[in-house]
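So you can see what is in the structure, the chains are spelled out below.
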Amino acid sequence: MRIIILRLGHRIQRDQRITTHVALTARALGAEGMLLDSDDSGIEKSLEEASGRWGGSFYVRRISSWKSEIKKWKEAGGKVLHLTMYGVNLPDAIPQIVADAGNLMIVVGAEKVPPEIYELADWNVGVGNQPHSEVAALAIVLDRLMAAQGRDALRTQFTGGEVEIVPKKRGKEVISK
Ligand code: SAM
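Attention in this report is confined to the structure presented alongside it. Predicted model, so just to flag it, every value in this text is computed and none were measured. Positions within a chain are numbered from 1, following the residues in the order the chain's sequence is written. Note on the predicted model: pLDDT of at least 70 is required for a residue's local features to be given, and 80 or more for side-chain atom pairs to be given and counted; whole-chain, interface and lining totals, by contrast, use all residues. To obtain the side-chain values, all non-hydrogen atoms of the structure were included, while hydrogens and water were left out.

**Details of the pairing of strand E5 (residues 104-108)**
Right, on to step 1. Here the term buried applies to any residue with accessible area under 20% of the maximum for its type, exposed to any over 50%, and partly exposed to those in between, with areas from a 1.4 Å probe on protein chains only. The secondary structure listing takes helices from DSSP runs of H or I that are at least 4 residues long and strands from runs of E that are at least 2 residues long, numbered from the N terminus. Among the 5 residues in E5, 5 count as buried, and that is most of the element.
Right, on to step 2. Here E5 shows no split at all, with Leu104, Ile106 and Val108 on one side and Met105 and Val107 on the other all buried.
Right, on to step 3. Bridge count between strand E1 (residues 3-7) and E5: 5 bridges; the pairing is parallel. Each bridged residue has a counterpart across the sheet, and for isoleucine 4 the counterpart in E5 is methionine 105.
Right, on to step 4. In terms of strand pairing, strand E4 (residues 79-89) meets E5 through 4 bridges, oriented parallel. In the strand pairing of E5, lysine 79 is matched with leucine 104.
Right, on to step 5. Handedness of the E4-helix H4 (residues 90-100)-E5 crossover: right-handed. Strands are treated as partners if at least two bridges between them are detected by DSSP. The crossover handedness rule: strands pointing away from the viewer, path from first strand over the helix to second strand clockwise, crossover right-handed.

So this is what it looks like as structure tokens:
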């Protein structure tokens, strides 16, 4: 299953840090890339730096029409999961998503999302039905989706980076490659 993120409603001043965290989390937990509905090039640059240093091929692509990206994705057979606290609670939605989904676009909002997205999505999914954070929601959905397919999001492999962490009980070890 290919997974890409669609980040909607990014405000250049206000959301820079959290959108970067959405992308870093998506990358760390095995998503392929993120489409950013904004002309903010800073996020793209930060993630290019992260991939150069830590490996992998995660990308950020700025887009100008989220609707046409969804249309293209669906025409190619992909499904769309919109993360919203108003949706079907994740544990209740997971079996159907895993059974039906080939490739998956996960839509994550910043400010209030356009109402149409609720209709365009194949699934509107809540990670619990309380308000919290898009970063938390994304991390949990990626982890659970992969676990339901027998994969471990925390064992995603990253190749081609300049450095690699050697996990340690105490202290820090980073090797140059
Ligand atoms: N104020 C915005 C509104 O009224 O829609 C929502 C802000 S919220 C922090 C930003 C994004 O986090 C939402 O668009 C949604 O994607 C995600 N989010 C927050 N809580 C969630 C939850 N319980 N389940 C799924 N996604 C959630």
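**Considerations on the site of the ligand**
Right, on to step 1. Surrounding the ligand, one finds 15 residues, the nearest of these being Leu83, Gly109, Val127, Gln130 and His132.
Right, on to step 2. Counting of polar contacts relies on pairs of N or O atoms within 3.5 Å, with two restrictions inside protein: one atom must be capable of donating a hydrogen and the other of accepting it, and residues adjacent in sequence are counted only when both atoms are side-chain atoms. With respect to the ligand, the backbone of glutamine 130 contributes an N or O atom lying 2.6 Å from a nitrogen atom.
Right, on to step 3. Note on areas: Shrake-Rupley, 1.4 Å probe, and residue coverage restricted to the protein chains presented here. Relative to its unbound accessible surface of 570 Å², the ligand loses 75% to contact with the protein.
Right, on to step 4. Taken together, the elements giving at least two residues each to the shell around the ligand come down to E4, strand E6 (123-126) and helix H6 (134-148).
Right, on to step 5. No other element matches the 3 residues that E4 contributes to the shell around the ligand.
Right, on to step 6. For the shell around the ligand, the residue count by class is 7 nonpolar, 6 polar and 2 charged. One heavy atom within 4 Å of a molecule or strand is enough for the residue carrying it to be called near that molecule or strand. We call Asp, Glu, Lys and Arg charged. Ala, Val, Leu, Ile, Met, Phe, Trp, Tyr, Cys and Pro are nonpolar, and the rest, Gly among them, are polar.

**With respect to the pattern of salt bridges**
When their charged atoms lie close together, side chains carrying opposite charge are able to pair.
Right, on to step 1. The working definition used for a salt bridge is a side-chain nitrogen of Lys or Arg within 4 Å of a carboxyl oxygen of Asp or Glu. A complete count under the given rule lists 13 salt bridges for this structure.
Right, on to step 2. The salt bridge partner of glutamate 69 is arginine 61, with a shortest N-O separation of 3.3 Å.
Right, on to step 3. With a relative accessible area of 38%, arginine 61 lands in the partly exposed category.
Right, on to step 4. For the salt bridge of lysine 67 with glutamate 116, the shortest nitrogen-to-oxygen distance reads 3.2 Å. One end of the pair, lysine 67, is in helix H3 (residues 66-75); the other, glutamate 116, is in helix H5 (residues 116-120), and 49 residues separate them in sequence.
Right, on to step 5. Overall, lysine 67 belongs to the partly exposed group, its relative accessible area being 40%.
Right, on to step 6. What emerges from the salt-bridge pattern is a single network uniting Asp39, Glu44 and Arg62.

**A short note on helix H1 (residues 16-28)**
Right, on to step 1. One less than the number of residues in a helix, times 1.5 Å, gives the span that helix is expected to have. Its 13 residues give H1 an end-to-end C-alpha distance of 18 Å, which sits within 8% of 18 Å, the value for a rise of 1.5 Å per residue.
Right, on to step 2. Turning to H1, its buried residues number three or more, namely Thr19, Thr20, Val22, Ala23, Thr25, Ala26 and Arg27.
Right, on to step 3. Looking at the residues trailing H1, positive phi occurs at glycine 30, about 100°.

**Some remarks on the pairing of E1**
Right, on to step 1. Within E1, 5 of the 5 residues are buried, leaving the element largely enclosed by the surrounding structure.
Right, on to step 2. In E1, alternate side chains face the same way, and those of Ile3, Ile5 and Arg7 on one face and Ile4 and Leu6 on the other are all buried.
Right, on to step 3. Pairing geometry for E1 and strand E2 (residues 33-36), over 4 bridges, is parallel. Looking at the pairing, isoleucine 4 lines up with glycine 33 of E2.

**A word on the packing of H1 against H6**
Right, on to step 1. It is the contact of H1 with H6, at a shortest axis distance of 9 Å, that shows an interaxial angle of 10°. With respect to H6, the element H1 is oriented roughly parallel. Here Ile18, His21, Val22, Thr25 and Ala26 of H1 come into contact with H6, specifically with Glu134, Val135, Leu138, Ala139 and Leu142.
Right, on to step 2. In the contact of H1 with H6, the residues fall into 7 nonpolar, 2 polar and 1 charged. Convention adopted: a line fitted to C-alpha atoms gives each axis, helices being fitted over their contacting stretch, and angles between N-to-C directions are expressed from 0 to 180 degrees. To sort the angles, those under 35 degrees are grouped as roughly parallel, those over 145 as roughly antiparallel, those from 65 to 115 as roughly perpendicular, and the leftovers as oblique. Residue contacts are defined here by distance: any two heavy atoms, one from each residue, within 4.5 Å place the two residues in contact.

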